[in-house]
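Observations on the three-dimensional arrangement
Okay, here's what each chain looks like letter by letter:
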Amino acid sequence: MSEIRLQVQHLSKSFGITKAVRDVSFNVNKGEVHALIGENGSGKSTLTNMLTGIYTIDSGKFILDGKEVHPKNQVEANEEGISIIVQELGTLSGLTVAENIFLGHENRFVKYGIKNTREMNRQANELLKKYEFSHIRAEEQIDEYNFEDRKLIEIIKATYFSPKIVVIDETTTALSQEGREELYKQMDRIRASGNSVIFISHDLAEVLDKSDTITIMRDGSYIDTVKSSDVTEDDLKRLMVGREVTGD
Ligand code: ADP
Ligand code: MG
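Attention in this report is confined to the structure presented alongside it. In this text the structure is predicted, and so the values were computed from the model without any measurement.

**Observations regarding the packing of helix 5 (residues 147–159) against helix 6 (residues 177–192)**
At a minimum axis distance of 10 Å, the contact between helix 5 and helix 6 shows a crossing angle of 10 degrees. With respect to helix 6, the element helix 5 is oriented roughly parallel. Of the residues in helix 6, those in contact with Glu148, Leu152, Ile155 and Thr159 of helix 5 are Glu178, Gly179, Glu182, Leu183, Gln186, Arg189 and Ile190.

This is the structure we're talking about:
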């Protein structure tokens with residue numbers, strides 16, 4: 001059995017004259033938290049947005065468990081076993097908690113053309129209990145909850161179906177320490193189940209602490225992939241900016 005979960009092969013993407021991602025290749029293994037770091041604008045989100053169906057691919061490919069994937073939207077990505085948690089609010093106002101958790105997957109609850117809301121709420125409440133977010137109710141409007149709780153709901157939405165790979169894009173920046181701990185717990189759970197996380201974060205101490213492997217990007221290009229246990233924060237800074245960094 002191969003250890004490789006995802007192969008990123010010669011991926012490129014431009015926006016007009018901006019070459020956001022330039023011929024990037026690397027592998028993500030099974031059961032690892034793989035950090036993706038680089039300065040602002042280095043192409044991290046553009047790369048992962050192509051994996052999760054948010055952006056189209058210009059050239060190159062993603063191979064997940066030996067099979068090429070090119071989801072056209074996030075629902076298709078979910079069906080391939082790929083999900084994402086973004087920095088911004090990823091839940092939709094005007095819907096209930098349960099409707100948000102199962103957004104795009106409502107068909108699971110439709111029988112003879114009728115949506116079984118009670119069953120959907122039941123399953124959502126079961127998930128909320130399993131994740132120990134029992135203060136959140138599936139039937140409530142999402143707008144009743146604060147930013148932090150809405151991020152917790154997003155964590156459920158992105159992980160309840162045991163995706164093969166979860167992208168966490170700068171999510172921790174927006175979270176309190178408590179929210180971070182919750183996210184770390186889920187990252188550990190994903191890793192323990194043999195699935196993988198692509199973890200994008202600006203916090204290099206957090207990256208070193210929480211990831212197994214780190215890929216560095218600079219100006220849209222791939223720089224290197226290193227083991228977290230082999231490097232220091234200074235090494236990472238140097239790789240990110242391409243020269244010796246002094247002071248802070
Ligand atoms: P990072 O996530 O590493 O901060 P991004 O992938 O967001 O970097 O951005 C890489 C480059 O692509 C930047 O120059 C950014 O301005 C540009 N870019 C990203 N998304 C878009 C977009 N939707 N339209 C135009 N330019 C974009
Ligand atoms: Mg980004």
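Having seen the structure, we can now continue with the description.
**Some points on the site of ligand 1**
Close to ligand 1 lie Phe15, Thr18, Ala20, Glu39, Asn40, Gly41, Ser42, Gly43, Lys44, Ser45, Thr46 and Tyr55, which account for all nearby residues. Interatomic distance of 2.8 Å between a side-chain N/O atom of lysine 44 and an oxygen atom of ligand 1. At 2.9 Å from an oxygen atom of ligand 1 is found a main-chain nitrogen or oxygen belonging to serine 45. Burial of ligand 1 by the surrounding chains reaches 62%, relative to a free accessible area of 560 Å². Every element with two or more residues in the shell around ligand 1 is listed here: strand 2 (18–29) and helix 1 (44–51). Looking at the shell around ligand 1 element by element, the count peaks at three residues for helix 1. Considering only residue class, the shell around ligand 1 consists of three nonpolar, seven polar and two charged.

**With respect to the pattern of salt bridges**
In total, this model carries 17 salt bridges according to the counting rule given. Where arginine 5 meets aspartate 65, a salt bridge forms, and the shortest distance between an N and an O atom there is 3.1 Å. Pair noted here: arginine 5 is in strand 1 (residues 4–15) and aspartate 65 is in the loop between strand 4 (59–64) and strand 5 (67–69), with a separation of 60 residues, a long-range link. Its relative accessible area of 30% is what places aspartate 65 among the partly exposed residues. We note a salt bridge from lysine 185 to glutamate 182, for which the minimum N-O separation is 3.6 Å. Taken together, the positions of lysine 185 and glutamate 182, both in helix 6 and three residues apart, correspond to about one turn of that helix. What makes lysine 185 partly exposed here is its relative accessible area of 42%. In this structure, a network of salt bridges that share partners links the residues Arg5, Asp65 and Lys164.

So, how was this worked out
Residues numbered from 1 in each chain as written. Chains lettered and ligands numbered in written order. Predicted model: local features only at pLDDT ≥ 70, side-chain atom pairs only at ≥ 80, totals over all residues. Heavy atoms only, no water. Axes fitted to C-alpha atoms, helices over the stretch in contact; angles between N-to-C directions. Helix = DSSP H or I, 4+ residues; strand = E, 2+ residues; numbered from the N terminus. Parallel < 35°, antiparallel > 145°, perpendicular 65-115°, else oblique. Contact = heavy atoms within 4.5 Å. Near = heavy atom within 4 Å. Polar contact = N/O pair within 3.5 Å; in protein donor to acceptor, adjacent residues only side chain to side chain. Areas by Shrake-Rupley, 256 points an atom, 1.4 Å probe, with all protein chains shown as cover. Nonpolar A, V, L, I, M, F, W, Y, C, P; charged D, E, K, R; others polar. Salt bridge = Lys/Arg side-chain N within 4 Å of Asp/Glu carboxyl O. Buried < 20%, exposed > 50% of the residue type's maximum accessible area, 1.4 Å probe, protein only.

These figures come from the coordinates and say nothing about function on their own.
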